[in-house]
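# An overview of the molecular structure
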Amino acid sequence: GSRWRQLDTAVSANCYFTNGRKKTFSDAEAKCNAASGSADGSLVRIDNEAENEMVFNYIGSTANIWLGLYLNQNTGYWVWTAEPGQQAQYLNWLAGEPNNHSGNNEECAQMVKRQNGYWNDVPCSKQLKFLCEI
Ligand code: GN1
Ligand code: CA
């Protein structure tokens, strides 16, 4: 669809999509899968500081968003939906996070707009805006 677009070609050649709606983590990931057709899109994956800055600049005009990052219960590793078999390498947690705070039920990660784009673990059932990547 036409809503897929690049954000900063100096940082990433990948395309990004949002519909401005709020969804649970799994519903948001499913939307990213569906919106990309056969192209295997997922919730946004951030691999380095430049990409984090790019995405943070983008959400400056929107709100907190889901990242495609969740806790693999079996391994105890944080993994990206785009590559669930691999432990996430770049992480940008806010100080004190991840803390599994809300009833020990925080297994999905959000980028926090008011915390300079640092990340926080929250319940996957939370409804957040999201950014897809392809
Ligand atoms: C938030 O809303 P509260 O204070 O119980 C946040 C947690 C953070 C915590 C940090 C759903 O918890 O993930 O770790 O602040 N919960 C949500 O103080 O955003
Ligand atoms: Ca938390």
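Refer to the structure above for everything that follows.
This text gives an overview of the structure that appears in the document. (Residues numbered from 1 in each chain as written. Chains lettered and ligands numbered in written order. Predicted model: local features only at pLDDT ≥ 70, side-chain atom pairs only at ≥ 80, totals over all residues. Heavy atoms only, no water.)

## Looking at the site of ligand 1
Glu 97, Asn 99, His 101, Ser 102, Glu 106, Asn 120, Asp 121, Val 122, Pro 123 and Lys 126 make up every residue found near ligand 1. Between ligand 1 and Glu 97, the relevant distance is 2.7 Å, taken from an oxygen atom to a side-chain nitrogen or oxygen of the residue. Separating an oxygen atom of ligand 1 from a backbone N or O atom of Asp 121 is a distance of 2.9 Å. Considered on its own, ligand 1 offers 450 Å² of accessible surface; in the complex 52% of this is hidden by protein. Class assignment for the residues of the shell around ligand 1 results in 2 nonpolar, 4 polar and 4 charged. (Near = heavy atom within 4 Å. Polar contact = N/O pair within 3.5 Å; in protein donor to acceptor, adjacent residues only side chain to side chain. Areas by Shrake-Rupley, 256 points an atom, 1.4 Å probe, with all protein chains shown as cover. Nonpolar A, V, L, I, M, F, W, Y, C, P; charged D, E, K, R; others polar.)

## Things to note about the coordination of the calcium ion (ligand 2)
Taken together, the protein donors to the calcium ion (ligand 2) comprise Glu 97 (OE), Asn 99 (OD1), Glu 106 (OE), Asn 120 (OD1), Asp 121 (O) and Asp 121 (OD), at separations of 2.3 to 2.5 Å. Between consecutive donors of the calcium ion (ligand 2), the numbers of intervening residues give the motif E-x1-N-x6-E-x13-N-D. Within this pair, whereas Glu 106 is found in the loop between strand S5 (83-87) and strand S6 (108-111), its partner Asn 120 is found in strand S7 (residues 119-122), the two being separated by 14 residues in sequence. Accessibility assignment for this pair places Glu 106 and Asn 120 in one class, buried. (Donors = N, O, S within 2.8 Å, 3.2 Å for Na, K, Ca; no water. Helix = DSSP H or I, 4+ residues; strand = E, 2+ residues; numbered from the N terminus. Buried < 20%, exposed > 50% of the residue type's maximum accessible area, 1.4 Å probe, protein only.)

## Focus on helix H2 (residues 49-59)
For H2, every residue scored as buried is listed here: Glu 51, Asn 52, Met 54, Val 55, Phe 56, Tyr 58 and Ile 59. Packed against the buried residues of H2 are strand S1 (16-17), strand S3 (65-71), S6 and S7. For H2, the side-chain oxygen to backbone nitrogen distance between the N-cap and Ala 50 is 3.1 Å, and the N-cap itself is Asn 48. (Contact = heavy atoms within 4.5 Å.)

## A short note on the nonpolar core
In this structure, Val 55, Leu 67, Leu 69 and Met 111 are the most contacted members of the largest nonpolar core, which totals 19 residues. Put simply, the parts of the chain that give this core at least two residues each are H2, S3, strand S4 (78-80) and S6. A per-element tally of this core places H2 first, with 5 residues. Setting aside residues no more than four positions away along its own chain, Leu 67 makes contact with Phe 25, Leu 43, Val 44, Ile 46, Trp 80, Ala 109, Gln 110, Met 111 and Trp 119. The next biggest cluster of nonpolar side chains, apart from the first, holds 12 residues, and it includes Phe 17, Ala 28, Val 122 and Leu 128. (Core = buried A, V, L, I, M, F, W, Y, C linked by side-chain atoms within 4.5 Å.)

## Some thoughts on the sheet that holds strand S9 (residues 132-133)
By definition, the strands of a sheet pair up through backbone hydrogen bonds, in either a parallel or an antiparallel sense. Pairing within the open sheet is antiparallel, and its 3 strands lie in the order S1-S9-S2. Edge positions in the sheet fall to S1 and strand S2 (42-43), since each has one partner strand and no second. Sheet topology note: the S1/S9 ladder contains 2 bridges and is antiparallel. The residue bridging Phe 17 from the neighbouring strand is Cys 132, located in S9. (Pairing = 2+ DSSP bridges.)

## Here's the deal with helix H1 (residues 25-35)
What sets the pattern is the α-helix's 3.6 residues per turn: residues three or four places apart point alike. Here H1 has its buried residues at Phe 25, Ala 28, Glu 29 and Cys 32. Summarising the axial view, the buried residues of H1 lie within an arc of 100°, below the 170-degree limit, and thus occupy one face. At the exit of H1 stands Gly 37, carrying a positive phi of roughly 60°. (Arc of directions from axis to C-beta.)

## Here we look at the pairing of S5
Both faces of the sheet carry side chains from a regular strand, because those side chains alternate between them. Bridge count between S4 and S5: 2 bridges; the pairing is antiparallel. Opposite Trp 80, over in S5, you have Glu 83 as the bridge partner.

## As for unusual backbone geometry
Glycine aside, residues mostly have negative phi, and peptide bonds are mostly found in the trans state. At the junction of Glu 97 and Pro 98, the peptide bond is cis and its omega measures out at -5° in the coordinates. Residue placement: Pro 98 occurs in the loop between S5 and S6. Of note in this structure, Asn 104 is not a glycine but carries a positive phi near 55°. Counting through the fold element by element, Asn 104 comes out in the loop between S5 and S6.

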